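Letter by letter, the chains look like this.
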Amino acid sequence: FENLSEDIFRYFGLGCRSVSKIFVPRAFNFDLFFEGMYKQKHIIHNTKYANNYDYNRAIYLMEHHDFLENGFFIIKENESLHAPVSVLHYERYDQVEDLEGKIEAQAENIQCIVTEMEAFPNSVSFGESQKPKLWDYADNVDSLAFLRSL
């Protein structure tokens, strides 16, 4: 989870390959997850990040949303792929096959998949989402091939 924290918090979650949503098994316990995220606790000392955290937390509290938080970021169950700064969305799943279909349906909206599951062959390892290889093209468009075709 410490490696995953790099994928979530690097560039304040604003990088094009930042993790803004996770899928977890139905019975997932977030205790170990939060322990892994603790490595990034220093992020709350950035005023702009802290303002986003305070704002989102206040909105969720006033609107009576269910969420979990640890003093420097929020996780909220939500189907949306995109989350505001300081928030991570999560969604539970029962079968990996269901997850495959859901991700395939959203493929055009997903820049990067971070997992060790064999079901997702073009994924990257935990901690690697913000370290693309030379052949990891944005939006899967080979820029050099495009330029050569001009």
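Model, not experiment: these values are computed from the prediction.

Caption draft 1: Molecular detail of the layout of surface pockets. Estimates place the volume of the largest pocket at around 910 Å³. What lines the largest pocket is a set of 43 residues, and nearest its centre among them are Val19, Ser20, Lys21, Ile22 and Phe23. At the level of secondary structure, the elements contributing two or more residues to the lining of the largest pocket comprise α1 (2–9), β1 (21–25), β4 (87–93) and α4 (96–105). Of the volumes computed, that of the second largest pocket is approximately 680 Å³. For the second largest pocket, the lining is made up of 26 residues, of which Gln111, Cys112, Ile113, Asn122 and Asn140 are closest to its centre. Broken down by class, the residue content of the lining of the second largest pocket amounts to twelve nonpolar, five polar and nine charged.

Caption draft 2: Just a nonpolar patch on the surface, in detail. A cluster of nonpolar side chains, namely Val141, Leu144, Phe146, Leu147 and Leu150, defines an oily patch on the protein surface of about 540 Å² accessible area. Mapped onto the elements of the fold, Leu150 is located in the segment after α5 (143–149).

Caption draft 3: The pairing of β4, seen in detail. Counted residue by residue, β4 has six buried out of seven residues, so it is predominantly covered. Taken together, the five bridges between β1 and β4 define a ladder with parallel strand orientation. Within the sheet, the bridge partner assigned to Phe23 lies in β4 and is Glu91.

Caption draft 4: The arrangement of the state of the cysteines in detail. Within this structure, the stated rule accounts for zero disulfides. With no disulfide of its own, Cys16 has Cys112 as its nearest cysteine by sulfur position, at a separation of 8.7 Å. A residue is classified by how much of its surface remains accessible, and Cys16, at 58% relative accessible area, is exposed.

About the criteria used
- Residues numbered from 1 in each chain as written.
- Predicted model: local features only at pLDDT ≥ 70, side-chain atom pairs only at ≥ 80, totals over all residues.
- Heavy atoms only, no water.
- 1 Å grid on protein atoms, 1.4 Å probe; cavity = no way out; pocket = protein on both sides within 12 Å on 5 of 7 lines; lining within 4 Å.
- Points joined across faces, edges and corners; volume = space filled by probe spheres on them.
- Helix = DSSP H or I, 4+ residues; strand = E, 2+ residues; numbered from the N terminus.
- Nonpolar A, V, L, I, M, F, W, Y, C, P; charged D, E, K, R; others polar.
- Patch = residues over 30% accessible without salt bridge, like charges linked within 9 Å, V, L, I, M, F, W, Y side chains within 5 Å.
- Areas by Shrake-Rupley, 256 points an atom, 1.4 Å probe, with all protein chains shown as cover.
- Salt bridge = Lys/Arg side-chain N within 4 Å of Asp/Glu carboxyl O.
- Buried < 20%, exposed > 50% of the residue type's maximum accessible area, 1.4 Å probe, protein only.
- Pairing = 2+ DSSP bridges.
- Disulfide = S-S within 2.5 Å.

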